[in-house]
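Residue strings, one per chain:
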Amino acid sequence: MDAAQVKALTKELGADLVGIASAATLNAFPPDPRWPQTPDRVSPHCKSVIVIVSRIPVAAFRAKSNIPVQYLDMLVLRRMDRIAHKLTEHLEREGHPSFVTAAQETDWNMKKASYGRLSTRHMGIEAGLGTFGLEVNILTPEFGPRLYLTGVLTELELEPDAPMTEQVCIGESCSRCLHACPTDAVLHFGIDKRNCAIEAQEFGYMTATQFFDGYIDASPAKKKEMLKARDVFGFWQGLLRVVGSFGDCPRCLAVCPVGNDYHAHLADVQKKIPEKTPEKVAKAKAFKKARVDGDPVTGLDDWNIRWVGTDGYQGIVARQLQEFKKAQAERAGMDEDGEG
Ligand code: SF4
Ligand code: SF4
């Protein structure tokens, strides 16, 4: 099987996007060389990584609360894992040992919590599917950051896709993700993971261990009271449906104006950002100045710029919006002519 056949099959199985990264490149460019998330640490035989994207249905970001996104996250992840698993079965039948990696696992030998054996965001970028946003989610031109990714590690040598060099993220002059973030966790092409976890992992691992730490030393009366807390129900929901244990805060995803799904269904409801404050606006302005002045910025240094887009922002979102409006006008014209 060649790369085109593998991609066609993956799409047939239900993937929204698919790209291929070479294992050699992923081994040579770990996201953080001190804690290398590389395929060779998982399997020395891996030649290629087939990166699969499943988008999150956009309607969830139009809802009144975050709950529909939280529930859909679980469904999207399950579906994506099934697509990846079917692909591995097919590849193995063709004689190419292949397996799927868990998208939401943590490697405790490297860092504690939310640090997988592989970084799916970086794999997606190496597979040519997008580039980093200011909040270091992968932004695809098709769906912005509203998606999940996983990787199939295969011993089949496949032609890799070329990474994008054009920055997909509008950057500091947009900063809508920064304005919307409830815990001010967005950094300059970086993220304060602890601050993000407060909202994004409301009932995640940290919250659970903190709760039970307190429970162990509590008096019998306090223990009774603690067991009635909303937290305990949250942990139960997390175990049952993964809801609340990760991806719980969708604000930076909802407001990002990249992607035709945003133009079509989110521009109206997400235009205004209630969380925007003068302090956040000042923070974004300082980011912009630092970039213009060429100040040292970790997220944009010689190592990390690879995943942000070495050519900088060149108007991809504006170009897409124009094309989108043109297509909409053509469709409206066809409908009027009764041809649609
Ligand atoms: S909201 Fe704007 S700044 Fe943030 S990731 Fe999206 S395009 Fe980039
Ligand atoms: S997921 Fe929520 S808390 Fe985390 S960076 Fe995005 S907006 Fe902020």
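Every residue gets a number counted from 1 within its own chain, in the order that chain's sequence is written. Chains carry letters and ligands carry numbers; both start at the beginning, A for chains and 1 for ligands, and go up in the order they are written. With the structure being a predicted model, the display of local features is reserved for residues of pLDDT at least 70 and the display and counting of side-chain atom pairs for 80 or more, all residues being used for whole-chain, interface and lining totals.

## Some words on the overall build of the protein chain
Inference 1: Strands here are runs of E lasting at least two residues and helices are runs of H or I lasting at least four, both read from the DSSP assignment and numbered beginning at the N terminus. Scanning the protein chain from N- to C-terminus turns up 16 helices and eight strands.
Inference 2: Dimensions of the protein chain along its principal axes, counting C-alpha atoms only, are 70 × 50 × 50 Å.
Inference 3: Taken across its 340 residues, the protein chain has 39% of its residues classed as buried.
Inference 4: Partitioning the intrachain contacts of the protein chain with sequence separation of at least 6 by distance along the chain shows that 77% fall at a separation of at least 24. For every residue, the other C-beta atoms within 10 Å of its own C-beta are counted; 20 or more classify it as buried, 12 or fewer as exposed, and values in between as partly exposed. C-beta atoms are placed from the backbone. Note on contacts: residues are paired as contacts if their backbone-placed C-beta atoms lie within 7 Å.

## Observations regarding the site of ligand 2
Inference 1: Using a C-beta atom placed from the backbone, a residue is described as near a molecule or strand when that atom lies within 6 Å of it. Taken together, 14 residues lie near ligand 2, and Cys181, Cys196, Cys249, Arg251 and Cys252 sit nearest.
Inference 2: Of all the elements in the fold, those that place two or more residues in the shell around ligand 2 are helix H7 (193-200) and helix H11 (251-254).

## Observations concerning the site of ligand 1
Inference 1: Around ligand 1, a shell composed of 15 residues is seen, among which Gly133, Cys169, Cys174, Cys177 and Cys256 lie nearest.
Inference 2: Lys, Arg, Asp and Glu make up the charged group, whereas Ala, Val, Leu, Ile, Met, Phe, Trp, Tyr, Cys and Pro make up the nonpolar group; the residues left over, Gly among them, are polar. Classifying every residue of the shell around ligand 1 gives ten nonpolar, three polar and two charged.
Inference 3: Residue ranges assigned to each domain were obtained from an automatic or database domain assignment. The residues that make up the shell around ligand 1 include at least three from each of domain 1 (3-169) and domain 2 (176-293).

## Regarding the sheet that holds strand E3 (residues 98-100)
Inference 1: DSSP bridges decide pairing: two strands pair if at least two such bridges lie between them. The strand order E1-E2-E6-E3 describes an open sheet built from four strands, whose pairing is antiparallel. Each of the sheet's edge strands pairs with one partner strand only, and the pair in question is strand E1 (17-22) and E3. Recorded for the sheet is a direction-independent mean angle of 25 degrees between the axes of neighbouring strands.
Inference 2: Here E1 pairs with strand E2 (residues 48-55) via six bridges, running antiparallel. For Val18, the partnering residue across the bridge sits in E2 and is Ile52.
Inference 3: Axis lines are fitted through C-alpha atoms, for helices just across the contact stretch, and the angle between N-to-C directions can take any value from 0 to 180 degrees. Here helix H1 (residues 3-12) sits on the sheet in contact with E1 and E2, set at roughly 145 degrees to E1.
Inference 4: The strands touched by helix H4 (residues 67-93) within the sheet are E2, E3 and strand E6 (147-154), with E6 carrying the most contacts at an inclination of about 20 degrees.

## Brief notes about H4
Inference 1: Helix span, expected: 1.5 Å multiplied by one less than the number of residues in the helix. A rise of 1.5 Å per residue sets the reference length of H4, with its 27 residues, at 39 Å; its end C-alpha atoms lie 40 Å apart and thus fit the reference within 8%.
Inference 2: Turning to H4, the residues buried within the fold contact H1, E2, E3 and E6.

## Points about the pairing of E6
Inference 1: Most of E6 sits out of view: eight of its eight residues are buried.
Inference 2: The alternating pattern of E6 places Leu147, Leu149, Gly151 and Leu153 on one face and Tyr148, Thr150, Val152 and Thr154 on the opposite face, and all of these are buried.
Inference 3: Here E3 runs beside E6; their pairing, made up of three bridges, is antiparallel. Across the sheet, the residue bridging to Ser98 is Thr154, located in E6.

## Focus on the nonpolar core
Inference 1: In this usage, the nonpolar core is the set of buried Ala, Val, Leu, Ile, Met, Phe, Trp, Tyr and Cys residues whose C-beta atoms join them within 7 Å. With 75 residues, the main nonpolar core has Val49, Ile50, Val51, Ile52 and Cys177 as its most contacted residues.
Inference 2: In terms of residues, this core owes the most to one element, H4, which gives eight residues.
Inference 3: There are two domains that each give this core at least three residues, and those are domain 1 (3-169) and domain 2 (176-293).

## Structural notes on the domain arrangement of the protein chain
Interface size, as often reported, equals the accessible area lost upon joining of the parts.
Inference 1: You can read the domains of the protein chain as domain 1 (3-169) and domain 2 (176-293).
Inference 2: A straight line from the C-alpha centre of domain 1 to that of domain 2 covers 22 Å.
Inference 3: Counting residues at the interface gives 28 residues for domain 1 and 31 residues for domain 2.
Inference 4: The element contributing the most residues to the side of domain 1 that touches domain 2 is H4, with five residues.
Inference 5: In terms of residue class, the side of domain 1 that touches domain 2 is built from 15 nonpolar, eight polar and five charged.

## So, unusual backbone geometry
Inference 1: Phi is positive for Asp184, which is not a glycine, with a value near 55 degrees.
Inference 2: Here Asp184 shows up in the loop between helix H6 (176-180) and strand E7 (186-187).

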